[in-house]
Each structure stands twice: as C-alpha cells, then as structure tokens.
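Results of the structural survey
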Amino acid sequence: MTDNPLVTAVIDWYRFDHRDFPWRDPDVTPWGILVSEVMSHQTQMSRVTPRWLEFMRRWPTPAAAAQASDAEILRVWDRLGYPRRALALRQCAVAIVERHDGEVPADREALQALPGIGPYTSAAVCSFAFGMRVPVVDTNVRRVIARAVHGDEVAWRPNARRDEAEMLALLPRVDADVQPWNAGAMELGATVCSQRSPDCVRCPIAEICEWRGAGFPSLPDSERERRQLRQPKFAGSNRQRRGRVMAIARASYGGFAIDQLWHRILLETDFCAPEDSVQLAREREQHLAAAATLVAEGMLQQRGDWISLPGEPAP
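The paragraphs below set out a description of the structure included in this document. (Residues numbered from 1 in each chain as written. Predicted model: local features only at pLDDT ≥ 70, side-chain atom pairs only at ≥ 80, totals over all residues. Heavy atoms only, no water.)

Some thoughts on the overall build of the protein
- Regarding its fold elements, the protein presents 16 helices and three strands.
- Across its three principal directions, the C-alpha atoms of the protein cover 65 × 55 × 30 Å.
- Burial status across the protein gives 47% buried among its 315 residues.
- Pairs at least 24 residues apart make up 62% of the contacts formed inside the protein by residues separated by at least 6 positions.
- Accessible surface for the protein amounts to roughly 16,100 Å². Of this, 51% is attributable to carbon and sulfur atoms.
- Looking at the protein, you have 39 positive and 41 negative side-chain charges, and the mean spots of the two groups are 4 Å apart. (Helix = DSSP H or I, 4+ residues; strand = E, 2+ residues; numbered from the N terminus. Buried < 20%, exposed > 50% of the residue type's maximum accessible area, 1.4 Å probe, protein only. Contact = heavy atoms within 4.5 Å. Areas by Shrake-Rupley, 256 points an atom, 1.4 Å probe, with all protein chains shown as cover. Lys, Arg positive; Asp, Glu negative; His and termini not counted. Charge placed at Lys NZ, Arg CZ, Asp CG, Glu CD.)

Focus on empty space enclosed by the protein
- Following the criterion strictly, the structure yields one cavity of 30 Å³ or more and no others.
- One number sums up the size of the largest cavity: a volume of about 100 Å³.
- Lining the largest cavity are 15 residues, and of these Cys193, Pro198, Cys200, Cys203 and Cys209 sit closest to its centre.
- Elements that contribute at least two residues to the lining of the largest cavity include exactly helix H9 (139-148) and helix H12 (210-213).
- For the lining of the largest cavity, the class distribution of residues is 12 nonpolar, no polar and three charged. (1 Å grid on protein atoms, 1.4 Å probe; cavity = no way out; pocket = protein on both sides within 12 Å on 5 of 7 lines; lining within 4 Å. Points joined across faces, edges and corners; volume = space filled by probe spheres on them. Nonpolar A, V, L, I, M, F, W, Y, C, P; charged D, E, K, R; others polar.)

Quick look at the pattern of salt bridges
- Enumeration over the complete set of coordinates arrives at 20 salt bridges.
- We note a salt bridge from Glu297 to Arg84, for which the minimum N-O separation is 2.9 Å. With Glu297 in the loop between helix H16 (277-296) and strand S2 (301-303) and Arg84 in helix H6 (residues 84-100), this pair connects stretches of sequence that are 213 residues apart.
- Look at Arg84 and you get partly exposed, because its relative accessible area is 48%.
- What you see here is one network of salt bridges that share partners, running through Arg19, Arg24 and Glu187. (Salt bridge = Lys/Arg side-chain N within 4 Å of Asp/Glu carboxyl O.)

What about unusual backbone geometry?
- The backbone of Tyr82 sits at a positive phi, close to 45°, despite the residue not being glycine.
- Within the fold, Tyr82 resides in the loop between helix H5 (70-77) and H6.
- Here Phe216, not a glycine, exhibits a phi torsion of approximately 60°, which is positive.
- As for its placement among the helices and strands, Phe216 is situated in the loop between H12 and helix H13 (221-227).

Comments concerning the packing of aromatic side chains
- For the structure shown, the criterion picks out six aromatic pairs.
- Ring plane angle 10° and centroid distance 4.9 Å describe the contact between Phe21 and Trp23, whose orientation is recorded as stacked. Taken as a pair, Phe21 and Trp23 share a single burial class, namely buried.
- Linked through ring pairs, Phe21, Trp23 and Trp52 together constitute an aromatic cluster.
- When the ring centre of Tyr253 is taken as origin, the NZ or CZ atom of Arg75, which lies over that ring, is 3.7 Å away. (Phe/Tyr/Trp six-rings, centres within 6.5 Å; stacked < 30°, edge-to-face > 60°. Lys NZ or Arg CZ within 6 Å of the ring centre and 35° of its normal.)

As for helix H1 (residues 5-16)
- Over its 12 residues, H1 runs 17 Å from end to end, which matches the ideal 16 Å to within 8%, given 1.5 Å per residue.
- Taken together, the buried positions of H1 are Leu6, Val7, Thr8, Ala9, Val10, Ile11, Trp13 and Tyr14.
- Elements in contact with the buried residues of H1: H9 and helix H11 (178-191).
- Where H1 begins, one side-chain oxygen reaches toward the backbone nitrogen of Leu6, 2.9 Å away; that side chain belongs to Asn4. (Expected span 1.5 Å × (residues − 1). Polar contact = N/O pair within 3.5 Å; in protein donor to acceptor, adjacent residues only side chain to side chain.)

What about the side chain of Ser308?
- Structurally, Ser308 is set in strand S3 (residues 306-308).
- Apart from the residues within four sequence positions on either side, Ser308 is in contact with Gly254, Gly255, Leu300, Gln301 and Arg303.

What to know about the nonpolar core
- By size, the foremost hydrophobic cluster in this structure holds 87 residues, and its most contacted members are Trp31, Leu34, Phe55, Trp181 and Ile205.
- Discounting chain neighbours no more than four positions away, the residues touching Ile205 are Leu6, Ala9, Val10, Val144, Ala148 and Leu188. (Core = buried A, V, L, I, M, F, W, Y, C linked by side-chain atoms within 4.5 Å.)

Structure below.
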C-alpha cells in the first residue's frame, strides 16, 4: 500500500467510514462525477444531492445536457447558488460533444480547456472518474495536511503550486490507492477534522497528528488572520438579492414584467421589509439594480420591459 502510516490510516478509514453520496457509486459515469464536482463547489453536500439526482435523471450524458436550454438548466439548478456554474456546465457539455464526441476526456489539459473547469475540478475528475495518479486538494485537504503533517491549526491559503507539492509528497506508490487517499483526506477534513470543531476521538490519525501531539497550539492572531479566507456575509448582501431575483425568474415560465419584480420580491421571497421607508426604498433600488446586473451578465434576458431566464421564449 504505502510506507506512510498517516496515508494508510486515512485510506483504511475511508473504505469503511464515509458518506454515501450517489455520485460515489462505482457505476457513475465520468459525466456524473464532473457534474457533482461543479455542483459541490462552495455548496453543502446535502443541498447538492437532490439537484444532482434530478440533473442526471434529465441529462445523463453530455449530449443530453447540450440539447437543454439555459432556462431548463437554471430551473433544475434551483437554489444551489452561483448560477453561472449552471450555464458554464451546459457550455461544458456542448464543448464535450463538439470536441470529444460526447465523452468526458480522460486528460487533465483537455478538461481544463472546457468551459467552467479549473485546476481543482480537472484533478478531481481525473482521480475520481478515471483513477489517474493526480493529487486533489481542496480546503478540507489543506486543513488535514496542515494539522497532521505540519502541526498548524490553520492551513496555508490556496496556492496551486504548494497544494500540488504537499499532496504529491504523500501520494501512495500504488496507483489503486491514490483515489481513496484523495477522497479520504477530503472526507476526513469535511466530517472529522473540521475547522471549528475537530473530533479527535473519531480521527483515524489522532495518534500521529502533529497538531494534537503538540497540544493543539494556536497561531498568533496576525498569522491566523493572514491565512484565513473570510467569506462575506450572505444576509443582506447583493448575492442574496440576486438569488431572490433569480428565484422569481425560475418561477415565471415565459418571464415577468420588470414593474412586477418589487411586488413579487415582497410577496414571494424571504425578504423581510424594514419599517424604515428610506431603507425600504433603498432595498427596492438595490433589487432592481441586481436584476439589471443579471441581465448584463447574461444570467437573465430582457426584451423591452419583460425579463426571463436566458433563451426562454416569450409567452
């Protein structure tokens, strides 16, 4: 297997203790794995599962997805967030059909040349779909390596060169062990070695973890601040306003008149109207501005005073 006891322990643990996601079924196609990786970017897995199942039911191949409209894709995407990913996924399907005869390419460079596919997703597809000897590094993997190998509570910031070097140094010699090591390190960081509440009692590498062995030292505040990536608050953000506008568009087959938008935001979404009239007027303008931005980005289309999902015919 491997000479590294840390890697061996993670692989053994993963093979008997991991979450049972549908895309981990051995019969899932490379397309199904690619879709799962695009959907799960910065998104809770519990939200991904029903959307993935519906997406794969409707478009089980790149050729099927390539024939769908942007509007259809966005409706199935629903509230997963970052809807640009949904449109990029359909464009990716079109490119796979045109460049690779409808088959997801088993080549990292070819994958990265597809719309919406970056270094992480290409590595994940190579490893999880094709069993290739490629390191896969996300936030969870960085945390596991930082703590277990380097004794640091907080991992380094994302850095493609360091990410690959750190994981390559741990990659098992046996090719068949690479995929469970990639998946296991990721699973361990997501479910056991979490950022705020690491569960060392359940951890398969607790006895050889450098951070635990050193007594869980904390980084100086300045270094912690430098390393940590701060996610902007969602509540009250433009992301939330954009989400409400997209929700109205998904619910409106054929679209809606722009002068209906604010009324529908008040009645049909989670927006809680403030009592202050000035603040309420500001929110109205910000929601209308969000709609205009979505049109400018191609996430919505506007014909006169009528707005709809892209590619959707007028009623």
